[in-house]
Amino acid sequence: MITDELVRYIKQERARGASDDQIRNTLKSQGWQDADIAIGLGPQPGGQKKSTVATVVTIILFFLFWPLALVLMWAWTDWSRNVKIALSAVFGVFIIVIGVVVFVVLRSLGEARGKARDAAIKGNLANVRVQAEIYYDRKGSYGSSTYLPGDCAAAPANSIFGDPGIVQSLSAVRSYGAGELTCAISETDQTWAISARLPSDAGEYWCVDSTGSSLVILSPIRDMSCL
C-alpha cells in the first residue's frame, strides 16, 4: 500500500542522487511490494507535467541565459543531485576557460598595441634624423646653441629642434605614448641626440643621434650621443 512515508523516502533518496533501481532494491529489502514500489516510483499526479515544464524551460534558458538556468535547475527541476552537480561543474569550468581566454586575448592585444606604438616612435625618430641632415645641408650646422640633455619641449629653437618638420615628428612621438622624450645638442661639436621611452617597456628607450646610431638604451641620454 502506498503511504506518505514511502513517497517521502523515494523523494529524499532521489534528492540524494540515488537511482530508481537503487531505491527499488532498498525498498524490496525492507519488505515493500513490487506493485507499491512501482507506483511510488512512477509519476505523481501533476508531477510529470510540472517536471516536463521545468525541464523544457531550464534547457531553453541554458542556451539563452545559463546563470539563471543554473539557479532554476537547483530550485525547480527534479533532476538528480548528481546531474545538477555535473552541470554546475561543467559551467564552472566553462567560466574559468572563458576568463583565461579573455585574459590572454586582452594581454596579447595590449602587447600588440605597445609594439605598434614602439614601431611608430622609432619611425618618427628615424624621420627626425633625415630632417636633421636636411637642416644641416641648408644651415651649415645643427644649431647655434648648446642644450644639455633635457625635455625636448625646452630645446633651443635656433637649432634642429626648432625646425617645423622635426617639431612635428617629435609631437608625433609624444602622441604615441613616449613617456619621456629627451633631447641634447652641442654647438661646439655639432652633435645631437634624442631618446624616447618605449611604451611596451618602461625600462627601455629608443635613441637616435647625429652619428647614425639607432638603438635601445636603458636610460635617457646623458650626453650628445646614444653611446
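Being a predicted model, the structure only gives us computed values, none of them experimental.

Colleague: Please explain the side chain of Asn124 as it appears in this structure.
Modeller: Counting through the fold element by element, Asn124 comes out in helix α6 (residues 81–139). Aside from chain neighbours lying at most four places away, what touches Asn124 is Ser169, Ala172, Val173 and Tyr176.

Colleague: Before we go on, may I ask you to explain the pattern of salt bridges in this structure?
Modeller: The tally for this structure, following the rule as stated, stands at 5 salt bridges. Across the pair Arg107 and Glu111 runs a salt bridge whose closest N-O atoms are separated by 3.5 Å. Here Arg107 and its partner Glu111 are both found in helix α6, 4 residues apart, which amounts to about one turn of the helix.

Colleague: Help me understand the packing of helix α2 (residues 20–29) against helix α3 (residues 34–41) in this model?
Modeller: Packed helix pairs are characterised by how far apart their axes lie and by the angle those axes make with each other. Interhelical geometry of α2 versus α3 gives an angle of 145° and a closest axis separation of 10 Å. You can see that α2 and α3 cross each other, and the crossing is right-handed. Across from Asp20, Ile23, Arg24, Leu27 and Lys28 in α2, the residues of α3 making contact are Asp34, Ile37 and Leu41.

Colleague: I keep staring at the nonpolar core and nothing clicks. Help me out?
Modeller: Nonpolar side chains in soluble globular proteins tend to end up buried together. Core analysis: the biggest nonpolar cluster contains 24 residues, and Leu125, Ile160, Phe161, Leu170, Trp192 and Ile194 have the highest contact counts within it. Contributing elements (two or more residues each) for this core: α6, α7 (164–175), β2 (181–186), β3 (191–197) and β4 (205–209). The biggest single contributor to this core is α6, with 5 residues. With residues near it in sequence (within four places) discarded, Ile160 still touches Ala132, Tyr135, Tyr142, Ile166, Ile185 and Trp192.

Colleague: Just checking my understanding: could you explain the pairing of β4 for this structure?
Modeller: Consecutive side chains along a regular strand alternate between the two faces of the sheet. With 5 of 5 residues buried, β4 is to be regarded as a mostly interior element. With 5 bridges connecting them, β3 and β4 associate as antiparallel partners. Bridging from a neighbouring strand, Ala196 pairs with Trp206 of β4. As paired strands, β4 and strand β5 (residues 214–217) are joined by 4 bridges and run antiparallel to one another.

Colleague: I would appreciate a short explanation of the state of the cysteines in the present structure.
Modeller: One way to say it: the disulfide is the covalent bond shared by the sulfur atoms of two cysteines. Throughout the structure, instances matching the rule amount to 2 disulfides. Between Cys152 and Cys183 runs a disulfide, and the two sulfur atoms are separated by 1.8 Å. Judged by the torsion about the S-S bond (95°), the Cys152/Cys183 disulfide is right-handed. Pair noted here: Cys152 is in the loop between β1 (147–151) and α7 and Cys183 is in strand β2, with a separation of 31 residues, a long-range link. Pair check on accessibility: Cys152 and Cys183 agree, each one buried. Taken in N- to C-terminal order, the disulfide-linked cysteines of the protein are connected 1-2, 3-4.

Colleague: I tried to follow unusual backbone geometry on my own but got confused; where do I start?
Modeller: The phi dihedral of Gln190 falls on the positive side, at around 55°, and the residue is not glycine. When you line up the elements, Gln190 lands in the loop between β2 and β3.

Colleague: Looking at this model, I keep getting lost on the side chain of Ser219. Mind explaining?
Modeller: Inspection of the secondary structure assignment puts Ser219 in the segment after β5. Among the polar contacts listed, one links the side chain of Ser219 to the side chain of Arg222, at a separation of 2.9 Å.

Rules behind the numbers
Residues numbered from 1 in each chain as written. Predicted model: local features only at pLDDT ≥ 70, side-chain atom pairs only at ≥ 80, totals over all residues. Heavy atoms only, no water. Helix = DSSP H or I, 4+ residues; strand = E, 2+ residues; numbered from the N terminus. Contact = heavy atoms within 4.5 Å. Salt bridge = Lys/Arg side-chain N within 4 Å of Asp/Glu carboxyl O. Axes fitted to C-alpha atoms, helices over the stretch in contact; angles between N-to-C directions. Left-handed = near helix turned anticlockwise from the far one by under 90°. Core = buried A, V, L, I, M, F, W, Y, C linked by side-chain atoms within 4.5 Å. Buried < 20%, exposed > 50% of the residue type's maximum accessible area, 1.4 Å probe, protein only. Pairing = 2+ DSSP bridges. Disulfide = S-S within 2.5 Å. Polar contact = N/O pair within 3.5 Å; in protein donor to acceptor, adjacent residues only side chain to side chain.

Remember, this is a structural readout, not a statement about activity or role.
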